[in-house]
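Analysis of the macromolecular model
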Amino acid sequence: MHEGSALAMKTGGTGAAFSGKGLRKIYVTGETEVHALRGVDLAIEAGEIVVLLGPSGSGKSTLLNIIGGLDRPTEGELFYRDLRLTGMPESELTRYRRENIGFIFQFYNLIPSLTAEENVRLVTDIADEPMDALDALELVGLGERAQHYPAQLSGGEQQRVAVARAIAKRPGVLLCDEPTGALDSATGVRVLETLERANRELGTTVLIITHNAGIAAMADRVLHFLDGQIARVVENENTIEPGEISW
Ligand SMILES: Nc1ncnc2c1ncn2[C@@H]1O[C@H](COP(=O)(O)OP(=O)(O)OP(=O)(O)O)[C@@H](O)[C@H]1O
């Protein structure tokens, strides 16, 4: 492992997915200003797995939401490939999000009255060149459970359905905010395996926020947040398989 700049890139990759400069985010609530991001520069390469670590309130989710087009920075510039996200009209930002980004959150947000397959179809029905919903469920190891409802699945299985739903539209990027936060180690590892598989087989760029430092070992690079800034970037020369991680 060695430390590098936030702008360092994985060698042998296929070019920048995201590049950002001077990103600041100030939330104003009444008289109070919260400086959630205080000048973040970043470059994420296409096909990287990047883990975002840092104390609560250090700005990780704020950055992920800005990258995903769910929020906008107060200042600074952000590009996805050659698309300038900052300053983009809302309708274009929505299209960017729909076409390029798959989100996975701590809680799976599946529709309880729909089967696993139907939950995935909600996305594939409106995507341009989606995977078959059953293929997406196969990819996360749940082909056999396609006709089960969320209540008939464990937490880890529900999260894998959420991963299938996110990857079924073949997004270039998966943004994961505490994807294993509600899961025990063995179950969480299976979810991480599905993210690693999407990265390896589909070339998806994967960003993972976690409080679990053990997960950092599967990342190509780890961004350490502190007080609204990226305080340190650590590059992993030898990443490990999710199966070797436990917590
Ligand atoms: N919508 C909002 N309005 C006001 N303040 C906000 C808003 N969203 C986030 N913040 C504040 O911005 C700061 C950064 O929050 P953020 O959620 O990005 O941190 P985080 O590193 O993801 O934390 P955690 O690990 O607890 O999720 C915090 O002080 C938070 O309270």
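That block above? That's the structure.
The following refers to the structure shown. Everything numeric in this text was worked out from a predicted model, so none of it was measured.

Quick word on the overall build of the chain
- Counting secondary structure elements, the chain contains six helices and 11 strands.
- Its C-alpha atoms give the chain a radius of gyration of 18 Å, within 12% of the compact-globule value 18 Å for 247 residues.
- Seen through its principal axes, the chain has C-alpha atoms that stretch 45 × 40 × 40 Å.
- Here the chain holds 247 residues, and 50% of them are scored as buried.
- A fraction of 72% describes how many contacts in the chain between residues 6 or more apart in sequence connect residues 24 or more apart.
- When the accessible surface of the chain is summed, it comes to about 11400 Å², and 48% of that surface belongs to carbon and sulfur atoms.
- The averaged location of the 35 negative side-chain charges in the chain is 3 Å from the averaged location of its 23 positive side-chain charges.

Regarding the packing of aromatic side chains
- Applying the stated rule across the entire model yields three aromatic pairs.
- Relative to Tyr80, the ring of Phe18 lies with its centre 5.0 Å away and its plane at 45°, an arrangement referred to as tilted. In this pair, Phe18 is assigned in strand E2 (residues 16–29) and Tyr80 in strand E5 (residues 75–80), connecting sequence segments 62 residues apart. For the residue pair Phe18 and Tyr80, the accessibility class agrees, reading buried in each case.
- Look at Phe103 and Phe105: their rings are 5.7 Å apart centre to centre, the planes differ by 5°, and that puts the pair in the stacked class.
- According to the relative accessible area criterion, Phe103 is partly exposed, its value standing at 21%.

A word on the site of the ligand
- Near the ligand you find Tyr27, Val34, Ala36, Pro55, Ser56, Gly57, Ser58, Gly59, Lys60, Ser61, Thr62 and His211, and these make up its full shell.
- The side chain of Lys60 places a nitrogen or oxygen atom 2.8 Å from an oxygen atom of the ligand.
- Burial of the ligand by the surrounding chains reaches 62%, relative to a free accessible area of 630 Å².
- Of all the secondary structure elements, the ones that give two or more residues to the shell around the ligand are strand E3 (32–45) and helix H1 (60–67).
- Of all the elements, H1 adds the most residues to the shell around the ligand, at three residues.
- Class assignment for the residues of the shell around the ligand results in four nonpolar, seven polar and one charged.

What about the pairing of E5?
- Pairing of E2 with E5 involves five bridges; the strand directions are antiparallel. When the sheet's bridge partners are listed, Arg24 is paired in E5 with Glu75.
- Relative to strand E6 (residues 83–84), E5 runs antiparallel, the two sharing two bridges. When the bridges of E6 are listed, Phe79 appears paired with Arg84.
- Here E5 folds back onto E6 in antiparallel fashion, the turn holding two residues, of which Arg81 has a positive phi close to 50°.

Focus: the packing of helix H3 (residues 116–124) against helix H5 (residues 155–167)
- Orientation of H3 relative to H5, taken along the N-to-C sense of each, is 30°, at an axis distance of 8 Å. Between H3 and H5, the angle falls in the class roughly parallel. Note on packing geometry: the crossing formed by H3 with H5 is right-handed. Between H3 and H5, the contacting residues are Ala116, Asn119, Val120 and Val123 on the first element and Val161, Ala164 and Arg165 on the second.
- For the contact of H3 with H5, a count of residues per class yields five nonpolar, one polar and one charged.

With respect to the side chain of Thr205
- Mapping Thr205 onto the fold places it in strand E9 (residues 205–209).
- Of the polar contacts made by the side chain of Thr205, one reaches the backbone nitrogen of Gly47; its length is 2.9 Å.

Let's talk about the nonpolar core
- Core analysis: the largest hydrophobic core is formed by 40 residues, its most contacted members being Val51, Val120, Leu137, Val161, Leu174, Leu195 and Ile208.
- Broken down by secondary-structure element, the contributors of at least two residues to this core are strand E4 (49–53), H3, helix H4 (133–139), H5, strand E8 (173–177), helix H6 (185–202) and E9.
- Broken down by element, the residue count for this core peaks at six residues, all from H5.
- Look past the residues within four positions of Ile208 in its chain and what remains in contact with it is Ile49, Val50, Val51, Leu52, Cys176, Pro179, Leu195 and Met218.

Analysis parameters
- Residues numbered from 1 in each chain as written.
- Predicted model: local features only at pLDDT ≥ 70, side-chain atom pairs only at ≥ 80, totals over all residues.
- Heavy atoms only, no water.
- Helix = DSSP H or I, 4+ residues; strand = E, 2+ residues; numbered from the N terminus.
- Rg over C-alpha atoms; globule rule 2.2 N^0.38 Å.
- Buried < 20%, exposed > 50% of the residue type's maximum accessible area, 1.4 Å probe, protein only.
- Contact = heavy atoms within 4.5 Å.
- Areas by Shrake-Rupley, 256 points an atom, 1.4 Å probe, with all protein chains shown as cover.
- Lys, Arg positive; Asp, Glu negative; His and termini not counted.
- Charge placed at Lys NZ, Arg CZ, Asp CG, Glu CD.
- Phe/Tyr/Trp six-rings, centres within 6.5 Å; stacked < 30°, edge-to-face > 60°.
- Near = heavy atom within 4 Å.
- Polar contact = N/O pair within 3.5 Å; in protein donor to acceptor, adjacent residues only side chain to side chain.
- Nonpolar A, V, L, I, M, F, W, Y, C, P; charged D, E, K, R; others polar.
- Pairing = 2+ DSSP bridges.
- Axes fitted to C-alpha atoms, helices over the stretch in contact; angles between N-to-C directions.
- Parallel < 35°, antiparallel > 145°, perpendicular 65-115°, else oblique.
- Left-handed = near helix turned anticlockwise from the far one by under 90°.
- Core = buried A, V, L, I, M, F, W, Y, C linked by side-chain atoms within 4.5 Å.

By themselves, these are just geometric observations and shouldn't be taken as functional.
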